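# A structural walkthrough
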Amino acid sequence: MLKGLGGLGGLGDMAKMMKSAQDLQTKMTEMQEELNNMMVVGESGAGLVKATATAKGELKGLDIDPSIFNGDDKEVVEDLILAAIKDAQTKAAERSQEEMAKLTESMGLPADIKLPF
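Residues numbered from 1 in each chain as written. Predicted model: local features only at pLDDT ≥ 70, side-chain atom pairs only at ≥ 80, totals over all residues. Heavy atoms only, no water.

The name given to the chain in an unreviewed UniProt entry is Nucleoid-associated protein GS617_21045, and the organism recorded there is Ruegeria atlantica. In UniProt, the chain has this text filed under Subunit (unreviewed entry): "Homodimer." Among the UniProt annotations of the chain, the heading Sequence similarities (unreviewed entry) holds the following wording: "Belongs to the YbaB/EbfC family." (UniProt positions renumbered as here; feature names shortened; annotations may be inferred.)

Before going further, it helps to examine the pairing of strand β2 (residues 49-54). Two strands pair when backbone bridges link them, and strand β1 (residues 39-44) and β2 are joined in this way by 6 bridges, in the antiparallel orientation. What sits directly across from S44, in β2, is V49. Count of turn residues in the β1/β2 antiparallel hairpin: 4 residues, of which G45 carries a positive phi of about 60°. As judged from the 5 bridges shared by β2 and strand β3 (residues 59-64), these two strands associate in the antiparallel manner. Its bridge partner lying in β3, K50 is registered against D63. What sits between β2 and β3 in their antiparallel hairpin is a turn of 4 residues, with G57 showing a positive phi close to 95°. (Pairing = 2+ DSSP bridges. Helix = DSSP H or I, 4+ residues; strand = E, 2+ residues; numbered from the N terminus.)

As a further point, take the UniProt feature "coiled-coil region" (unreviewed entry) in the chain. Per the UniProt entry, the sites bearing "coiled-coil region" (unreviewed entry) are residues 14-41 in this numbering. Along residues 14-41, the helical share is 86% and the strand share 11%, with 44 Å between the first and last C-alpha atoms.

So, on to the environment of D63. Structurally, D63 can be placed in strand β3. Between the C-alpha atoms of D63 and V49, which are 14 residues apart in sequence, the distance is 5.7 Å. When residues no more than four places from it in sequence are discounted, the contact partners of D63 are L48, V49 and K50. (Contact = heavy atoms within 4.5 Å.)

Turning our eyes to something else, we now look at helix α2 (residues 74-106). Residues spaced three or four apart along an α-helix point in a common direction, a consequence of the helix completing one turn every 3.6 residues. In a regular helix each residue adds 1.5 Å, so 33 residues correspond to 48 Å; α2 covers 48 Å between its end C-alpha atoms and thus fits that length. Turning to α2, its buried residues number three or more, namely V77, L80, A84, I85, A88, A92, S96, E99, M100, L103 and T104. (Expected span 1.5 Å × (residues − 1). Buried < 20%, exposed > 50% of the residue type's maximum accessible area, 1.4 Å probe, protein only.)

If you want it as structure tokens, here you go:
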């Protein structure tokens, strides 16, 4: 027998680590669901085009001011739409990272830890 370990010794520490890992997995699953419900809005053309997406980056809607529809400006409109979508995706990624940092910090993990998603 190993002496000096007291009680479960290393097994107790392992059980504690497993419990922490399970808690983290549960919280990560909950956070993923929350990210699906959080909305961000990307804009272009000083708000003439707005793209709404979940914090996971799924595009949910477009709002286009009718004043930009002019047959001669087709490429400009397309560029504004793409810019708004890219802005929404960038904001979604930032929001997701912020939420992950909050989660890891609440569990006592380093804020910059890279978790599998």
